[in-house]
Amino acid sequence: MPVQERRYKKGAIIWMENSKAMPFFFILKSGQLKQYLRLMDTEEVTLLAPGDTFGLIGCLTGHNYLDRLIAVEDSVVVMIRNEELIPFLSKKPDIFIKIVSDYSNRLRRINQKLFQLCSPSVYKDLPDQFLTIAAYYESQKNWKNALYALECYATLGDNPELKSKAQAEIDRIQAEQGKAPPYPERIGHHAVYQAGEIIFLEQEKGNEFYFIEQGKVKICHIDKENEFVIAVLKPGEFFGEMAILNQEERNASAIAFEQTRLLVLTKDTFINELGIEILKKVFTSLSRRMWYSFRRSINLSYRNPVLRLYDCLDFIIESRGGQKKDAAYLFDITFHDLRTMTNTLNLEDSRIKEFVGDDNIRINYGTISITNLSKFYDMLKLYRGREHSL
């Protein structure tokens, strides 16, 4: 496979934050690099050694770099063009799995930081999280999902007293509401979920992951009062691979956002069963989700909640979510979703009145729209300038 090599002297800056991404995936052949990445209120510093990889997100998504990379000693970097990357890796499944596993671990760590920051009561590495989720769905009178969460605890919980209470609650709900119909509908390696149905819950063990063929899937954390939405995934994206590649419990819940058809895959079969184009989508989907989570962390570092609301709409546009029509833009999210994503849900309305009162922003039932994108970006620039002057 044709590759390029590039040499960097000690102290050389390889790229800076917000630099235009290059269409290459990089492997450090020799030397050492330092990667600086801002996550919320801290800057993470990672030392890259020979064999480590970087640049996947920019290579496959085209988004500007969010990190800063500097050579700490003379270094040699191997560069693989984006169109050559997946054909090369498809012939080397061990390397493919390692890279996906490494990047999935990074995504897991980022998401944990987001969850802990925005909903510290949610992020619990405990089986009784199922009971918290069940309580949320019971408060919404969503008996089907409440039963799902209770049955998870009845199966996986390790407290006999709580397991007994969970079973008693299952019996009560079934006596009053009837047994929930089974789901999903399975057709070979495909599964169909209806809007609002659970695909899996955080803390479940998993041996499958999923490719979205049709519909949308909400990735979230759940406490007794709210869903904390981390992403809404669209057709062509993957999810659930972290649990099977790293043999860990699910660290988030996946809920069908609308009627959704999924291709169900396992670790042992997906490389052999999928073609080059689908394998590329595995990497591209993972890259987009990592960029999205990094971008969320930047958003949540802003002190002004009004800026977080404007900026959140901006990175949804950057991630090509929603629909552009002439000078306007339409988002298929509710204002409740937007406030959840920006950690402003529990703030008094007076704290965000400047956003709500912006006549260029229309908050409709089930959607949000921008009337004039140029005016929107002017406001965004204004609030970012105020933030940086503080």
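Please read all numbers here as calculations on a predicted model, not as lab measurements. (Residues numbered from 1 in each chain as written. Predicted model: local features only at pLDDT ≥ 70, side-chain atom pairs only at ≥ 80, totals over all residues. Heavy atoms only, no water.)

Asker: Provide a residue-level description of the nonpolar core, including the pertinent values.
Answerer: One finds F239 and F283 to be the most contacted residues of the largest nonpolar core, which totals 92 residues. Residue contributions to this core peak at nine residues, all from helix 10 (residues 305–318). Contacts of F239, omitting those with residues within four sequence positions, involve I199, F200, F209, Y210, I212, V217, I219, L233, A254, L262 and R289. Ranked by size, the runner-up nonpolar core spans 15 residues in total, among them W15, A21, F54 and L69. (Core = buried A, V, L, I, M, F, W, Y, C linked by side-chain atoms within 4.5 Å. Buried < 20%, exposed > 50% of the residue type's maximum accessible area, 1.4 Å probe, protein only. Helix = DSSP H or I, 4+ residues; strand = E, 2+ residues; numbered from the N terminus. Contact = heavy atoms within 4.5 Å.)

Asker: Hey, could you go over the pattern of salt bridges for me, with residue numbers and the actual values?
Answerer: Taken as a whole, this structure holds 21 salt bridges when the rule is applied. Here E213 ties to R261 by a salt bridge, and the two come within 3.0 Å at their closest N and O atoms. With E213 in strand 12 (residues 209–214) and R261 in strand 17 (residues 260–265), this pair connects stretches of sequence that are 48 residues apart. Taking relative accessible area as the criterion, E213 reaches 31% and is therefore assigned partly exposed. For R261, a relative accessible area of 28% translates into the label partly exposed. Look at the salt bridges and you will find they share partners, linking R295, D311, D314, E318 and R384 into a network. (Salt bridge = Lys/Arg side-chain N within 4 Å of Asp/Glu carboxyl O.)

Asker: Give me the environment of F238: which residues, what numbers.
Answerer: With respect to the helices and strands, F238 occurs in strand 15 (residues 238–239). The exposure class assigned to F238 is buried, which follows from its relative accessible area of 1%. Through-space distance from the C-alpha of F238 to that of V217 is 9.9 Å; in sequence the pair is 21 residues apart.

Asker: Give me helix 4 (residues 129–139): which residues, what numbers.
Answerer: When you tally the buried positions in helix 4, you get eight out of eleven residues, the bulk of the element. Taken together, the buried positions of helix 4 are Q129, F130, T132, I133, A134, Y136, Y137 and E138. The secondary structure elements touched by the buried residues of helix 4 are helix 5 (143–156), helix 6 (160–177), strand 11 (198–200), strand 13 (217–222), strand 14 (227–233) and strand 16 (253–256). Of the residues trailing helix 4, K141 is marked for its positive phi of about 60°.

Asker: Go over unusual backbone geometry, please, and point to the residues and values.
Answerer: Even without being a glycine, N18 presents a positive backbone phi close to 70°. Mapped onto the fold, N18 is located in the loop between strand 2 (13–15) and strand 3 (24–30). One non-glycine residue, N343, adopts positive backbone phi at about 60°. Residue position: N343 is located in the loop between helix 11 (335–341) and helix 12 (353–356).

Asker: How would you sum up the side chain of E202? Please name residues and give values.
Answerer: Relative to the elements of secondary structure, E202 occurs in the loop between strand 11 and strand 12. A distance of 2.5 Å separates polar atoms of two side chains, one belonging to E202 and the other to S253. (Polar contact = N/O pair within 3.5 Å; in protein donor to acceptor, adjacent residues only side chain to side chain.)

Asker: I'd love a proper account of the packing of aromatic side chains, names of residues and values included.
Answerer: Enumeration according to the criterion identifies 18 aromatic pairs in this entry. Taken together through their ring pairs, the aromatic side chains of Y310, F335, F355, F376, Y377 and Y383 make up a single cluster. One cation-aromatic arrangement involves R68 over Y36; the distance from NZ or CZ to the ring centre is 4.4 Å. One cation-aromatic arrangement involves R386 over Y383; the distance from NZ or CZ to the ring centre is 5.1 Å. (Phe/Tyr/Trp six-rings, centres within 6.5 Å; stacked < 30°, edge-to-face > 60°. Lys NZ or Arg CZ within 6 Å of the ring centre and 35° of its normal.)

Asker: Quick rundown of the sheet that holds strand 13? Include the residues and the values.
Answerer: What the four strands build is an open sheet, ordered 11-16-13-14; its pairing is antiparallel. Only two strands of the sheet have a single neighbouring strand rather than two, namely strand 11 and strand 14. The sheet shows a mean angle of 30° between the axes of neighbouring strands, taken without regard to direction. Two strands pair when backbone bridges link them, and strand 11 and strand 16 are joined in this way by two bridges, in the antiparallel orientation. Note that in strand 16 the partner of I198 across the bridge is I255. Helix 4 contacts strand 11, strand 13, strand 14 and strand 16 of the sheet and is inclined by roughly 110° relative to strand 13. (Pairing = 2+ DSSP bridges. Axes fitted to C-alpha atoms, helices over the stretch in contact; angles between N-to-C directions.)

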